[in-house]
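Each chain, letter by letter, is given below.
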Amino acid sequence: NMSAAATAEQPKPTEVPVATVATEGAATETPVEAKGPARKKLAVPPVMPKADFNYTYCYCEENVYKLLEKLTLMQILEKAKGVPGLGSKFDKMYAMFLSSFTLADRTHEKQNEWASVVPLRISAGDRSDLMCTMGGKDCFVTWDYHAVALLRSSSDKSAWFVADFDTRHQGRPDNSCLLITAEEYFGRTFSFLDVMNFRPIPTRMNPKKLASTFQSVRARLVPSETFLTYFRTDRSHMKDKKGNFESAPPAYPAIDGPSAITTKLRPAGAEAPAPYKPQFKNLLTCYLNVSEQKDESLAQYLGEIVEIPNLGQWFADQSQ
């Protein structure tokens with residue numbers, strides 16, 4: 001999330017205390033709950049302990065990749081055995097990137113070069129030194145991008161869950177429960193905007209600066225199989241100019257080519273698909289570029305881009 005590449009051209013992503021985005025004298029006041037029509041009863045997320053999945057601080061895209069890979073393997077094994085388990089609880093899975101980086105001419109994309117700002121509410125993870133508090137109240141952080149997993153319930157097509165290793169919104173003090181409903185996640189992470197219904201949430205904290213910053217943020221939604229097939233990273237974006245990692249990398253090898261799991265998803269005898277931009281060892285820039293995709297063929301490699309105001313409708317369309 002906080003890459004060396006992104007910070008080479010702009011200040012290191014920093015935490016933004018409430019005071020910097022609030023009206024004078026209102027920073028420590030408690031937000032006022034938005035009033036509106038009664039919401040539907042939220043689904044109960046399946047039990048999915050964070051400890052059961054790979055997690056490395058500052059490598060959110062790889063955390064999502066490994067989570068989707070493991071759930072896909074579970075689905076394959078559960079189907080073969082005829083015994084439903086955790087994997088069978090989901091029938092659609094996506095990687096979601098949040099970014100504000102746009103470069104219309106994709107032929108000019110360069111590895112590890114982007115400029116993006118994404119404001120998030122209390123997504124500081126397990127590192128207490130990165131937690132931003134003010135009188136015991138949480139506040140906002142800004143990262144250059146973020147990645148989470150979206151999972152649709154196989155038993156309730158309208159129920160979507162978010163897996164975000166870095167948030168503290170699941171309601172457990174120890175951050176052990178990985179899943180949270182999409183309604184709760186977006187409502188809390190972007191508490192200055194009701195993303196699911198796209199209506200502003202009135203608070204005593206003036207949301208103008210946050211909302212203005214967030215206007216340029218878009219979501220890239222990549223189907224799980226597509227992500228596992230085409231994503232590559234050599235982790236070079238996490239290295240400084242001397243080649244040292246700014247944050248310790250995952251213990252497993254860098255992701256270079258399709259996941260072995262995808263071979264089990266292809267029809268028998270089908271060849272492995274050609275890589276996207278084979279000259280790139282790190283495709284992160286391509287996923288973070290949320291400029292309009294005029295070339296429809298890009299979707300087969302990078303998924304689709306959804307404007308934040310249209311995200312609620314995207315969930316509704318996918319729930320059919």
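Residues numbered from 1 in each chain as written. Predicted model: local features only at pLDDT ≥ 70, side-chain atom pairs only at ≥ 80, totals over all residues. Heavy atoms only, no water.

1. Quick word on the side chain of Lys277
Filter applied, for reference: Working definition: helices are DSSP H or I runs of at least four residues, strands are E runs of at least two. Numbering for both runs from the N terminus. Pairs of N or O atoms are called polar contacts if they sit within 3.5 Å, as long as, within protein, a hydrogen donor faces a hydrogen acceptor (for residues adjacent in sequence, only side-chain-to-side-chain pairs). Any pair of residues with heavy atoms lying within 4.5 Å of one another is described as a contacting pair.
For Lys277, the position within the fold is in the loop between helix 6 (260–263) and helix 7 (284–288). A distance of 2.7 Å separates a polar atom in the side chain of Lys277 from a polar atom in the side chain of Glu109. With near-sequence residues (within four places) excluded, Lys277 lies in contact with Arg106, Glu109, Arg232, Leu283 and Cys286.

2. Considering the sheet that holds strand 12 (residues 218–223)
How we decide: Strand pairing is defined by DSSP finding a minimum of two bridges between the two strands. Only the contacting stretch of a helix is used when fitting its axis, a line to C-alpha atoms as for every element, and angles between N-to-C directions run 0 to 180 degrees.
Ordered in space as 9-8-7-2-12-13, the six strands form an open sheet in which the pairing is antiparallel. Since the sheet does not close on itself, it has two edges, and those belong to strand 9 (179–181) and strand 13 (304–307), each with one partner. Shown here is a sheet whose adjacent strand axes are inclined to one another by a mean of 35°, direction ignored. Two strands pair when backbone bridges link them, and strand 8 (residues 160–163) and strand 9 are joined in this way by three bridges, in the antiparallel orientation. The residue of strand 9 that forms the bridge with Val162 is Ile180. Its contacts with the sheet place helix 3 (residues 182–189) against strand 2 (90–99), strand 7 (146–153), strand 8 and strand 9, and it is angled at close to 85° to strand 9.

3. Quick word on the side chain of Thr56
Test applied: For the exposure calls, accessible area comes from a 1.4 Å probe over protein chains only, and a residue counts as buried if that area is under 20% of its type's maximum, exposed if over 50%, partly exposed in between.
Residue position: Thr56 is located in the loop between strand 1 (15–16) and helix 2 (60–81). Overall, Thr56 belongs to the buried group, its relative accessible area being 13%. Not counting residues up to four positions away in its chain, the partners in contact with Thr56 are Asn63, Ala248, Pro249 and Pro250.

4. What about the pattern of salt bridges?
As a reminder of what qualifies: Salt bridges are defined as contacts in which a side-chain nitrogen from Lys or Arg sits within 4 Å of a carboxyl oxygen from Asp or Glu.
In the structure shown here, the tally under the stated rule is seven salt bridges. A salt bridge links Arg235 to Glu62; the nearest nitrogen and oxygen atoms lie 2.8 Å apart. Separated by 173 residues along the polypeptide, Arg235 in the loop between helix 5 (224–230) and helix 6 and Glu62 in helix 2 bring together distant segments of the chain. No difference in accessibility class separates Arg235 from Glu62, as the two residues are buried.

5. Quick word on unusual backbone geometry
A positive phi angle is found at Asn112, which is not glycine, with a value near 65°. With respect to the element layout, Asn112 can be found in the loop between strand 2 and strand 3 (118–121). Not every positive phi belongs to a glycine, and Lys277 is a case in point at roughly 45°. Of the residues examined, Lys277 reaches a relative accessible area of 14% and is grouped as buried.

6. Looking at the nonpolar core
Inclusion rule: Buried residues of nine kinds, namely Ala, Val, Leu, Ile, Met, Phe, Trp, Tyr and Cys, make up a nonpolar core once their side-chain atoms join them within 4.5 Å.
If you look at the biggest cluster of nonpolar residues, it comprises 41 residues, and the most contacted ones within it are Met48, Leu67, Leu68, Leu71, Phe90, Phe227 and Tyr287. Looking at this core, the elements that each hand over two or more residues are helix 2, strand 2, strand 7, strand 8, helix 5, helix 7 and helix 8 (299–302). Tallying contributions element by element places helix 2 first for this core, with six residues. Non-local contacts of Phe227, meaning those with residues more than four positions away in its chain, are made with Glu61, Val64, Tyr65, Leu68, Ala95, Phe97, Val222 and Tyr287. One finds Leu120, Trp143, Val162 and Ala182 within the second-largest nonpolar core, a separate group that totals 25 residues.

7. As for helix 2
Stated precisely, the cut-off is as follows: Here a helix's expected span is defined as the number of its residues, less one, multiplied by 1.5 Å.
In this model, helix 2 (22 residues) spans 32 Å end to end at C-alpha, consistent with the 32 Å of a helix rising 1.5 Å per residue. Within two residues after helix 2, Gly82 carries a phi angle of roughly 70°, on the positive side.

8. Here's the deal with the confidence of the model for the chain
To keep things clear, this is the line we draw: The predictor's confidence in any single residue is recorded as pLDDT, a number from 0 to 100.
Looking at the chain as a whole, its pLDDT mean stands at 79, while 73% of the residues score no less than 70. Across residues 123–137, confidence stays below pLDDT 50; counting only partners more than four residues off in sequence or on other chains, it has 41 contacts. Across residues 198–206 the pLDDT falls below 50, and counting only partners more than four positions away or on other chains, this stretch makes 34 contacts in the model.

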